[in-house]
Structures are given as structure tokens and as C-alpha cells.
Amino acid sequence: MPEANFDSIVGPTHNYAGLSRGNVASMSHRGEVARPRDAALQGLAKMRLLHDLGVPQGVLPPQARPAVEVLRALGYGGSDSEVIDRAYREDPLLLARCSSASAMWAANAATVSSSAESGDGRVHLSVANLRTMFHRMIEAPQTERTLRSVFADASKFAIHPALPNSPLYGDEGAANHTRLHARSAAPDETAGVDFFVHGTFEGDLDPPRRYPARQSLEASRAVARRHGLDPSRVVHARQSNEAIDGGVFHNDVIAVGSGPVLLHHSQAFADRADTLGRLRSAIGDTFAPIEISAERVSLQDAVASYLFNSQLVETAAHGRVLVAPRESHDTESVREQLAEFVESPEVPIDAVHYVDLRESMRNGGGPACLRLRVPLSADEWSSVTPGCRFSTELHAGLETWVLRHYRETLAPDELGDPRLLEEGRTALDELTGILGVGSIYPFQR
Ligand code: SUG
């Protein structure tokens, strides 16, 4: 079953507020001046590359920020600009949390199961509660509205609201889930294997020490259950604490899979041999793990280069292609390893494309973070809201839209500027028309 990627457009308030503890890039770029226009154009250029490679590409609209309704719920009143002004003066960190463009990382929007695996023959999407970080937790209600408008046909798509907001059910969406398959480019609709990775579970006596584990086993299990997955085709594995404490805040920072291939670091999983063994039993003999050892690429280089946050895609014309961030090319150990992979007839990676996502990367978001994978039959793809299916015309239209509405630069102390709210609303109101998603934002209601 072909797999589409749905990338979220980077929102107009893209900035560096240093909000994510455990995310090394976010913490180290705190307070820097961001370039929202470049960020959005870089994201669109990446979508264009995937589209040109022949991969079905979808588009998701950004969220409306600052989230005035959240500030109001927390006691700030008056006109919208008074709400922002007071929050800015009294609690600038809260305003930053309510202004983050973090919904750009669509891998965290939801977990998706294909109609070949779900119990009822529909594509299932579970909105992630993102409860570990406040600036991300507030994304869930809009994510649900957005997904309902993009995947509107209820006979083909089932959208589940976020899991209960409890430490028991920390859920970060597809960033900790990979659909693997016994066959490459499986054209038919036979079931694959759902691989869920968690960082903690209830009663965990040995949690990571330095940084939070965002995904819980209980959440992964609940998602698998409500998607109707066959338990014999589901594998749950635990992330290693050394990875989490080394800055691997999601599994997609340390592993990426496609078809029978699982590219991963030797320190990704708590019990490496057991995890790979259970995957082999579920997938079968075609399972093709590609492991990069710590001797070859250190955990630190893996995190700095975001090599594992590449997209691994199978294309009819180009074979299996790795779309990697430019930072992977800039890291010698990684560049050399990837060049060897492409040369080697034994390694099923045919080409590497390096992309410039500098703005997103400085907040810890690489190519794979920016997209939500949605396995879709041709029929399901054709029932996605048409304006959200990427094309060269849509690319040109969105570039023009970005150039018209986005600021070139945005510094943290500019988040108190009430004009940012108006600029954002004008831009998003126009965008809902371009994408044909209807009035999805609170300010449009
Ligand atoms: O949740 N960064 C995001 C990055 C998410 C990357 N997603 C995946 N790996 N799938 C996060 O930590 C930083 C925002 C700031 O600091 O301004 C942030 O939210």
C-alpha cells in the first residue's frame, strides 16, 4: 500500500523559545532570532522534493498562534490585544508557549494505522495528546479539527480524539510508531507490522534520569487497541534510557523504517536483541535491520546530525531513497557512513538526498518530524480533501502566500506585538480558502 506524507506548513510565529527540555537543539538555540519566512519556504521545498520523487504528498495547515483562547482560559481577559499585552508583561514564558509554531512537526500530530491493519477496513488516526510539554499539549483540539476536515469521509477514515491527559497516557503520535512490512513497496493491501516504541510505563523502576520520557507503553497499547490492530502483528519495545538522556526525545530521532527495512542506532532500544528478534518473528525472514554502531556514529553525532530523522521512501523510479538533513552531510562520521551505504550492494539504500531545513532543525525538527505518514490506497488518497494534495501549482501558490504574509525575522521579544496575531489570522484565513478546508480555526467561528 503506497504511503503518503502529510507535512504541516510552518506557521508564521516560528521562533526559538527553548521550550523543550530534553531536546538538545531547542535548548541550545533559545532566544535566537528565527526566520519564519525561510522556515516555511524550506518546508515547502522539502514537500516539493518528495512530490518530484513520486511520493504522494499532502499538506496540513498550521495552527493559529498565539492561542488566545488558551490565555483566556488561564485568566487573561479584555480585547485580544489586551490579552497578549498582559500575558507578555506578566508571564512572557506562557505567551511563548502559546505562540509556538510547534504543530509544524506533523509526526507528532497523530498515530496512523492503514486500512489493511485496522479492524474495520478504515484508516485510523489517533490525535496525540502531547501532554509532556504545555506548548505542544494545546495543539490537540486544533489537530482534531484539522484532521477531520482533511480526512472528512467517515466511511474511509476514523479520527480518534486525544487519549486522556494523564501521565499514564503520554502520547507523542507517529514519532514513536513505524509501520513495517514483509515486502518492499507492497503494492497490495496485505497487513504490515505496527512497531510502537515507548520511553516509560506505569511502575517503571528505572526511568531515564536526565530528561523526560514522553511516550508511555499504556498510551501505545491504547492506540493499538482502538485502531483494532491484531496483537500478533504489533511489537512494543522500550527505548534505551541512554538514548533519552542523550537527547533522543522521540524514537524517530534514533530509528527510521520503511517496508522490511529498519535503519537504527545500536543504542536505540533498551533490549536490542529482543526487540530485533520479536520484529523478525512478526515480519518474517525478509526483515532487514540496518544497524549503525556507536563506534561508527556516536549517539552525540546521531543527535547532532539527525541522521535517523531522515525520511526513508521507496519510489518506483529511484528505488529506496533517504531524505536526510544537511546537518548529516556536515557531520563527517555520518556523511561517510551514508556514502558507504549507497555504494554497498548489500545495503538497501539506493540514494541520499540532503535537504536544507535549518530553521526547523534548530528547534529539533528534521525531515521526518515535519511529516505524518499516512498509508493510503489509491481510492483513499483520492478522497483526501483535494486542496490538501500537493502539486506544483499548489507549491507555487503557497510560496506566493508565504512571501506575502510571513515576517522575515522574529525575535522572542516580538511575540508581545499584537500585530503578529492579526497578521497570522489574515494569513490563515486566506490559507483555509487555498486548501479548501473550511473554517477550522477558533477565530473563524
Ligand atoms: O516537541 N520542538 C519539538 C520538536 C519535535 C520534533 N518531532 C519529532 N521528533 N517527531 C518538540 O520538542 C521546540 C520549540 C521551542 O523551543 O521554541 C519544540 O517544540
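Residues numbered from 1 in each chain as written. Predicted model: local features only at pLDDT ≥ 70, side-chain atom pairs only at ≥ 80, totals over all residues. Heavy atoms only, no water.

1. So, the sheet that holds strand E15 (residues 371-375)
Put simply, the rule is: Here the rule is simple: two strands pair whenever DSSP picks up at least two bridges between them. Strands are runs of DSSP state E lasting at least two residues, helices are runs of H or I lasting at least four, and both sets are numbered from the N terminus onward. The axes are straight lines fitted to the C-alpha atoms, using for helices just the contacting stretch, and the angles between their N-to-C directions are given from 0 to 180°.
If you walk across this open sheet you meet the three strands as E2-E1-E15, and the pairing is mixed. Unpaired on one side and paired on the other, strand E2 (57-60) and E15 mark the two borders of the sheet. Direction aside, neighbouring strands of the sheet carry axes that sit 30 degrees apart on average. Bridging between strand E1 (residues 3-8) and E2 involves four bridges; their strand directions are parallel.

2. Description of the side chain of Ser100
In plain terms, the rule: In protein, a polar contact requires one atom able to donate a hydrogen and another able to accept it; more generally it is a pair of N or O atoms within 3.5 Å, and residues adjacent in sequence count only if both atoms are side-chain atoms. Residue contacts follow a heavy-atom distance rule, with two residues in contact if any of their heavy atoms lie within 4.5 Å.
Summarising the element assignment, Ser100 is placed in the loop between helix H5 (92-99) and strand E3 (110-113). A distance of 3.1 Å separates a polar side-chain atom of Ser100 from the backbone nitrogen of Ser102. Apart from residues lying up to four places away in sequence, Ser100 is in contact with Thr13, Asn15, Leu19, Arg65 and His135.

3. So, the site of the ligand
Defined as follows: Throughout, near means a residue has at least one heavy atom within 4 Å of the molecule or strand. Here, Shrake-Rupley sampling with a 1.4 Å probe gives the accessible areas, and only protein chains in the shown set may cover a residue.
Around the ligand lies a shell of 22 residues, among which Leu19, Ser20, Ser26, His135 and Asp252 are the nearest. His135 is positioned with one of its side-chain polar atoms (N or O) 2.7 Å from an oxygen atom of the ligand. Measuring from a nitrogen atom of the ligand, one finds a backbone N or O atom of Asn363 at 3.0 Å. Look at the ligand: alone it shows 490 Å² of surface, and the protein chains cover 100% of it.

These figures come from the coordinates and say nothing about function on their own.
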